[in-house]
Amino acid sequence: MIRFGMGYDVHRLTGGRKLILGGVEIPHTAGLLGHSDADVLLHAVCDALLGAAALGDIGRHFPDTDSRYEGISSMILLKHTGQLLKEKGYKVGNIDACIVAQKPKLAPYIEKMTENIAAALCIDKGQVNVKATTEERLGFTGNETGISAYAVAGITED
């Protein structure tokens with residue numbers, strides 16, 4: 001049986017933080033505010049995978065009230081999510097994700113993000129699709145106060 005899940009995350013842009021998306025540090029004037037490294041892409045992917053397996057969400061597994069996750073790399077959270085799925089007898093089929101940001105331009109970093117997600121989940125990079133778009137200067141992403149990401153994941157029983 002194929003199971004599907006979707007994920008969404010958003011974080012505010014703020015000065016004094018690194019911008020990390022898909023495990024890649026991207027040069028920018030601001031970074032995302034959050035308890036962890038605030039990687040919206042990986043958070044959305046985690047939520048999509050957890051949702052597909054009916055295992056709750058990222059906040060349930062990695063609460064922002066837990067000091068163990070303060071400043072943690074979201075790559076670690078994604079690896080742990082992949083391990084949870086494996087323990088429950090699931091295999092990742094595919095992931096499709098979209099980052100919504102007015103700036104910076106993300107095309108030069110998409111391939112590395114794809115490779116990072118695939119490596120963290122021990123899957124082929126052909127099973128991962130990452131893309132980026134703007135909102136044509138509309139809303140909080142358009143006025144550059146935040147960045148969001150959406151993800152959909154398909155999993156199968158191992």
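Residues numbered from 1 in each chain as written. Predicted model: local features only at pLDDT ≥ 70, side-chain atom pairs only at ≥ 80, totals over all residues. Heavy atoms only, no water.

Caption draft 1: A look at a nonpolar patch on the surface. The grouping of Ile2, Phe4, Met6, Tyr8, Val10, Phe140, Tyr150 and Val152 at the surface amounts to a nonpolar patch, some 780 Å² of accessible area in total. Listed by contribution, the elements that provide at least two residues to the nonpolar patch are strand 1 (2–14) and strand 7 (146–157). Within the fold, Tyr8 resides in strand 1. For Tyr8, a relative accessible area of 33% corresponds to the partly exposed category. (Patch = residues over 30% accessible without salt bridge, like charges linked within 9 Å, V, L, I, M, F, W, Y side chains within 5 Å. Areas by Shrake-Rupley, 256 points an atom, 1.4 Å probe, with all protein chains shown as cover. Salt bridge = Lys/Arg side-chain N within 4 Å of Asp/Glu carboxyl O. Helix = DSSP H or I, 4+ residues; strand = E, 2+ residues; numbered from the N terminus. Buried < 20%, exposed > 50% of the residue type's maximum accessible area, 1.4 Å probe, protein only.)

Caption draft 2: Geometry of the nonpolar core. Counting residues in hydrophobic clusters, the biggest one holds 50 residues, and the most contacted among them are Leu21, Val45, Leu49, Leu78, Met113, Ile117 and Ile147. Of all elements in the fold, only strand 2 (19–21), strand 3 (24–26), helix 1 (40–52), helix 3 (74–87), strand 5 (90–100), helix 4 (110–121), strand 6 (128–133) and strand 7 reach the threshold of two or more residues within this core. Ranked by the residues each element gives to this core, the list is headed by helix 1, at 10 residues. In this structure Leu78 touches Leu42, Val45, Cys46, Leu49, Ile117, Ala120 and Leu121, once residues within four positions along its chain are discounted. (Core = buried A, V, L, I, M, F, W, Y, C linked by side-chain atoms within 4.5 Å. Contact = heavy atoms within 4.5 Å.)

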